Each structure stands twice: as structure tokens, then as C-alpha cells.
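Below are the chains, spelled out letter by letter.
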Amino acid sequence: MSAGRQDIQAQPANAAPSAGKHLGEKNINQYDELDDVALEPDAADRHSVLSGTDRSTTSTKVDPTATGQLVASEQNAILLRKMSLFNHELDAMGFGRYQLCIFLLCGMGYFIDLMFAQLFGIILPPMQRELGVPTARIGDISTCFSVGLTIGAFSWGILVDVIGRRWAFNLTCLISSTFGILIAAPRNYGGICALALLCGIGVGGNIPIDSTITLEFLPKKNRFLLAALSVFQPLGVVICSVLAFGLVPPFSCDQQLDGCSSTITGKPPTTPCCTYSSNKGWRYLTVCVGGITFFIFFVRFVIFKFQESPKYLLTRGRDAEALAALQYIAKFNRQECKLTIEDIDKCGAYKARDAVIGAGAGRVARDNVKYYLLNLRGLFRTRHSTRITLTVWVIYMSQFWGFSMAGFLQLILSNLGVAEDIPISQTYRNYIIINICGVPGVLMASALMEVPKLGRKWSMFGTSLLMALGCFLFVVVNNEAGRIGFSAMEYFGQSAFNSIVYGTTPELFPAQFRGSACGFAATTGRIMSFIAPQIGARVLADDPTGKTVLYLAGAGVLVSSAAVLFLPRDVEARGKEVF
């Protein structure tokens, strides 16, 4: 047994002296009051993202303002000791086969997120021609999808803390795939928009759920991979673009034709017109994207045996199940788990919420949801935690506004291609060139956030400026090469910026409601992502060049840049323990 674990066990279950002497008044935590949690000697390295605590004040005790610290009490001191045991076991185990599978499968959630977003951008031009959708209403499908994403982010963010990680992990993919395939069926715009909303409910849960799961299984030294998850987003965009290149141009009607039920001109349809039978390419594409998503669900649910997060199980008082999950992970990694149930029991008895609630499944469900909603008050319990929470929300809102407006770049490029008589196959080829630039953007961001003098904060600031600059420069060029170049620059910066934001957010919140907090942050962003397409579509109808839309996109991203500067200096969690 390691010395670190012995030090933890040496503390009696009721050892929780007051923290006031160690912290001082300037050290503000997310919660009202704190108790020290005596742990192993290297715990001084673990100061909190949610406090201003200095390492010199902590000696050999876990700084009670450690990242993700729970409400200070005897019960939570016990829970933290148990979590620290599991953290040490995961760190000793290292990054093994199980963590690789988790990284890849959670990455598929990120992959699905932007694959569907790209899908709705790509199918707009051929769908508009066939169905005769007015330009002022073309943003409806993006708005409906974004409403679904918002509902999904909010609902799944809470459910992942109530029903557990495992079911949420699988159900999101099943919902996304089912309604994604069905989008190909309707022959009217309203039906397609309704299915896009339902599809979005599944897709919207992916990022808050998958980032939460990945963080809770990664060893401390490998947490940079949380940001690297975002590399799957541009890959999803690229795969969707490649499929579109192969399916849409060969099975699309002529770009100059109106729909046979055209409402764009307000006149009776002409002959020839864009018919259903001559324009099936975009429908084939939606079936392929939905089919890929169903395959991912099949791998997650049938092939891979996903273990419930041990940290989630600990918060529910299910210590034996948490240990069994850890032992399975060790066996999967071809290693030995040295932790025993006796080690865990020595930390004390944690009275979980499950044990407090009375009998009755309906009552349990209602009380659990109410409990977790009330528990989220911890996000605003001190000035310091309120500052972080609100700043993160502003970053998400302005970030989502920016890339939702920038999402019109696909339609702008398509419209410019028609005006300049550029072949449709060449336009779709350009989509691939632009979107593949997101992959090196994410890889660069994953490296930058681990550089000590840059870290999370300044990496976010720099990459957001790059994204905004790409939007502004696009409007000043008047040739195809320039438009491709600055579109690629915008997407490079967007992918890098998003990866750092998504990778940093879970580090700021405790395991007890980490999923809910990430879901709430994503919800604030999703709200802007269904407002932006409505405004953008109307602006684009008045200014088909797209210049105004891109100015609005760049301005929104600059708000994110400014908000990043308001983050406290102690947001860096590099090399620190997360509870």
C-alpha cells in the first residue's frame, strides 16, 4: 500500500478542524464555510480554481478550496477523503486501455455534435431550392436545432447527475441517430424543422456529458486530453463534408432552378423546376449521418462495457459499486487495483442522498431533481464563485453567438459560388479544405493550455482573437482563394478556442453537480445559438454578400475575448487534483 494512501487512512473519520486559521479572509471559496481535509503530504499542490488560496498557506493538508470542493461539512470531508483515494489509484494506474476507449467514445460525442451542425449548414442550399424556402426563413431549421440543443444541454446536464453517467452516455446517441435518420423523410419544411429540434435534444447532451465522464476517468497528468477531445469536432465536420461532396452534387438539381412549389418568387412554378426525385442528395446525406450516429450508439451500448463513474457512485454512497468499477478498469488495463473496501471504510460513513430520501420511485426522482437544483446554489454562494460562474456564462453566450453567425459562411460561399458560376462540386471541395483546418487548431490549443505562462486563460484569449480576425478579414477579400483562406483561419481559431473552453469548464465544478454546471453553461450558449440564426437569416436577406453577418459574428467573439480577461488568475488547474 502506498505511503500516500496510508497518510489518508491515518486520519480518523471525524478529523475536520476549522479552516479559518489556514485560509485567511482573502481566500474566498465557492461555499459558505470550509473544513480542512487532512490528506497526503503532496496535497499542498492542490489549490482551487475557485479560490485565491496560496500554496504556502496549506502545509500538508488539502487546500479546502481545492477544485471541485464540496460543501464544507463533516460528511463532505469524508467524501473528499474517499475521492482522493480513487484519484490516487487512477493516477497510479495511469492512462491505460480503458481510458483510451473512454477518450475515443466520448470523442465520438463531440464528433456527433458538429457533424450534425455541419449537416444543417450543408443541406440548406439544395433544400431551399427544392422546397422553395424564403431566405428570411432559411434560419428556422438552425433555430429549431438550436432549441433542441438548448433543451438537451439543460436536461441532460441535470440528468447526468441524477440518473448517472452511464444511461445519459448512451441515450443521447440513440435519440440523435433516430431523429437524424427521420429528417430525410418529410417533404415539407415544417416537418424537417420539427425533427431537427428532436434530434437536437439528443445532440445537446453530448458535450456536457462526455466532458464530465472523460475528466472523471483521466489521471491528473493526462487532463490535457480533455481539451484534445475537441479534435473530434472538426473531424465530424470533415467527414460530413466529404460525404456531402460524394452525395450532394451528383444527386442535386441545377443550382439555377426554383422549387416546384416555390414560395421564393411568389409565382407559379416554372418548368423545369427542382423536383423531389432530382434532388435526393441532401436526404441521402442525412441518412448517412444518422446511420453513423447509430453505429456509435451500438459501439457504446453493445460492444463496450461502460462502467459508471466511481466518483458519481461515491456521491451516492455506493462505495462497493465504485470499488467494483475501479477494479474492472484496472483489470481492463491489465493492472492490479490495490484499493480495498476496508481502505474506503476507514474514511468514515458518508450519508448519501439516496439513503435520506423516503421510499417510492416517483418521490425519489422528484426529490433528487429538486435536491440537485437547490445544490446548484453553490455556484453563487460567494463573490468569487459568482464571478467565475457568470464569466463562464458570458463566454459561452458570446462564443455561441459568434460561431452561429459564422455558420452562415457555408451559405455565403455557396451563394457567391452561384454568382461567380463556380461548380457546386468545387464549392463542396472548398468546405473540406476549410473544415480540415480545425484539426490542427485543436491540437495546437491542447498544447498551448499546458504552457505555464499561457495556460487556459491566455490561450482562450489568443485563439478567440484569431477567430474574430478571420471573420473580419473575410469581408475585405473578393476572390475565391482569399475567402477560402480566411474561412479556414476563422475555423482554425474557432476550433482552438472551443476546445479550451470545453476542456476548462468541467475543472471548475465539483463532481456532485459537475454535469449540471456544465449543462447550465452550455444552455446559456445554446440560447444564443437559436437567437443568432434568426437574426442572421434576416440580415443575410438584406445583405446577400454576408458582410454584416460576419461583422456581427466577429463582434460577438470579441465579447468572449473581453470576458476571458475577467476570469481570476487562479483558473489554472494544470497538475492539480480535481474532486
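Residues numbered from 1 in each chain as written. Predicted model: local features only at pLDDT ≥ 70, side-chain atom pairs only at ≥ 80, totals over all residues. Heavy atoms only, no water.

Asker: Account for the confidence of the model for the chain, naming residues and giving values.
Answerer: For the chain, mean pLDDT is 77; residues scoring 70 or higher make up 77% of the total. Per-residue pLDDT stays below 50 along residues 1-72; that stretch engages in 192 contacts with residues further than four places along the chain or on separate chains. Here residues 354-361 is a poorly scored stretch, pLDDT under 50, and it has 10 contacts once near neighbours within four places are set aside; other chains count. (pLDDT = per-residue confidence, 0-100. Contact = heavy atoms within 4.5 Å.)

Asker: Talk me through unusual backbone geometry; I want residue IDs and the actual numbers.
Answerer: Its identity is not glycine, yet Arg334 carries a phi of approximately 60 degrees, on the positive side. The topology assignment puts Arg334 in the loop between α14 (319-332) and α15 (341-345). Residue classification places Arg334 among the exposed positions, given a relative accessible area of 68%. (Helix = DSSP H or I, 4+ residues; strand = E, 2+ residues; numbered from the N terminus. Buried < 20%, exposed > 50% of the residue type's maximum accessible area, 1.4 Å probe, protein only.)

Asker: Explain the nonpolar core to me, and be specific about the residues and the numbers.
Answerer: By size, the foremost hydrophobic cluster in this structure holds 133 residues, and its most contacted members are Phe116, Met127 and Ile141. For this core, the element with the most residues is helix α4 (residues 97-122), which contributes 14 residues. When residues no more than four places from it in sequence are discounted, the contact partners of Ile141 are Phe120, Ile123, Leu124, Met127, Tyr189, Ile192, Cys193 and Ala196. (Core = buried A, V, L, I, M, F, W, Y, C linked by side-chain atoms within 4.5 Å.)

Asker: Lay out the side chain of Thr150 with the relevant residues and their values.
Answerer: Mapped onto the elements, Thr150 comes out in helix α6 (residues 140-162). Setting aside residues up to four positions removed in sequence, Thr150 forms contacts with Thr523, Arg526, Ile527 and Phe530.

Asker: How would you summarise the pattern of salt bridges if you had to cite specific residues and measurements?
Answerer: With the rule as written, the count across this model stands at seven salt bridges. With its nearest N and O atoms 2.7 Å apart, the salt bridge here joins Arg165 to Glu216. One end of the pair, Arg165, is in helix α7 (residues 165-182); the other, Glu216, is in helix α9 (residues 206-217), with 51 residues separating them in the sequence. Its relative accessible area of 0% is what places Arg165 among the buried residues. (Salt bridge = Lys/Arg side-chain N within 4 Å of Asp/Glu carboxyl O.)

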